[in-house]
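Spelled out from the first residue to the last, the chains are:
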Amino acid sequence: MVKVITFGTFDIFHIGHLKILERSAKLGQHLTVGISTDALNYSKKQRYPICQQSSRSEIVAALKCVDNVFFEESLELKREYIEEHKADILVMGNDWMGKFDEFKDICDVIYLERTPSISTTELIEIVKEL
Ligand code: CTP
């Protein structure tokens, strides 16, 4: 069984999130998703996500294409997470192109194209301007 792993915040869940998860799942037979914790997001972006980690992970776990979710507590632990979940393929959006090539010694690393014209940041900006 080919196991796939991917990571993200998945805040204000949108079509770009669904598409990348569906395409990731098709690369194998089992998809694990690491959901960035609220604290990790704060440390990266100096703001908390709109939706709490418990809600974000519940939404992602409910998808047909997702088999398993866990919380990504630290960016430094990617290697450990890939090994712990026995992933054969790491999928990231192409906004991260090349940034995860260091893991090619333990799994395939595939960058998928992002869905154009939508992101959580853009949605927040649109709502702010209403
Ligand atoms: N993603 C995608 N297409 C989009 C937006 C996101 O394929 N239009 C992918 C990202 O490349 C990533 C995953 O969805 O692999 C989770 O991304 P995340 O950062 O949570 O979503 P964004 O909408 O990019 O959020 P932000 O604007 O806060 O960066």
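Now for a description of the structure that goes with this document. Residue numbers restart at each chain and count upward from 1, following the sequence in its written direction. With pLDDT at 70 or above as the cut-off, local features in this predicted model cover only qualifying residues; side-chain atom pairs require 80 or more to be listed or tallied, and sums for whole chains, interfaces and linings still use all residues. To get the side-chain values, all heavy atoms of the structure are used, and hydrogens and water are removed first.

## What to know about the nonpolar core
- With 15 residues, the main nonpolar core has Phe10, Leu21, Leu31, Val33, Val60, Cys65 and Val66 as its most contacted residues.
- Looking at this core, the elements that each hand over two or more residues are helix 1 (15-25), strand 2 (30-36) and strand 4 (89-93).
- Here, residues are in contact when the closest pair of their heavy atoms is within 4.5 Å. Sequence-distant contacts of Cys65, that is, excluding residues within four places in its chain, are made with Leu21, Glu22, Ala25 and Leu31.
- Judged by nonpolar contacts, the second largest core, of 13 residues, contains Phe7, Tyr81, Phe103 and Val109. In this description, a nonpolar core means a group of buried Ala, Val, Leu, Ile, Met, Phe, Trp, Tyr and Cys residues linked to one another through side-chain atoms lying within 4.5 Å. Between buried and exposed lies partly exposed: a residue is buried under 20% and exposed over 50% of the maximum accessible area for its type, with that area taken using a 1.4 Å probe on protein chains only. Here a strand is any run of E in DSSP of at least two residues, a helix any run of H or I of at least four, and the numbering for each starts at the N terminus.

## Some remarks on the packing of aromatic side chains
- Working definition: rings of Phe, Tyr and Trp (its six-membered ring) pair if their centres are within 6.5 Å, and the pair is stacked with planes under 30 degrees apart, edge-to-face with planes over 60 apart, and tilted otherwise. Going through the model one piece at a time under the given rule, you end up with 7 aromatic pairs.
- Pairing Phe7 with Tyr81 gives two aromatic rings, centres 6.1 Å apart and planes at 45 degrees, and the pair type is tilted. Remark: Tyr81 occurs in helix 4 (residues 78-84) and Phe7 occurs in strand 1 (residues 3-8); sequence separation between them is 74 residues. In this pair, the class of Phe7 matches that of Tyr81, namely buried.
- Taking 5.0 Å as the distance between ring centres and 50 degrees as the angle between the ring planes, the aromatic pair formed by Phe70 and Tyr81 counts as tilted. Of this pair, Phe70 sits in strand 3 (residues 68-72) while Tyr81 sits in helix 4, and the two are 11 residues apart along the sequence.
- Exposure remark for Phe70: the relative accessible area of 13% places this residue in the buried category.
- On the accessibility criterion, Tyr81 (7% relative accessible area) is buried.
- Through pairs of rings, three or more aromatic residues link up here, namely Phe7, Phe70 and Tyr81.
- In this scheme, Lys NZ or Arg CZ marks a charge over a ring once it lies within 6 Å of the ring centre and within 35 degrees of the ring normal. Between Lys78 and the ring centre of Phe7, over which it is positioned, the NZ or CZ distance is 4.6 Å.

## Regarding a nonpolar patch on the surface
- Note on patches: the residues involved have over 30% relative accessible area and no salt bridge, like charges join within 9 Å, and the nonpolar side chains Val, Leu, Ile, Met, Phe, Trp and Tyr join within 5 Å. For the area figures, the Shrake-Rupley method with a 1.4 Å probe applies, and any residue is considered shielded solely by the protein chains shown. Each reported salt bridge corresponds to a side-chain nitrogen of Lys or Arg within 4 Å of a carboxyl oxygen of Asp or Glu. A cluster of nonpolar residues, Ile126, Val127 and Leu130, forms a patch on the protein surface that exposes about 360 Å² of accessible area.
- Its place among the elements puts Val127 in helix 5 (residues 120-129).

## Observations concerning unusual backbone geometry
- One non-glycine residue, Lys86, adopts positive backbone phi at about 50 degrees.
- Along the chain, the position of Lys86 falls in the loop between helix 4 and strand 4.

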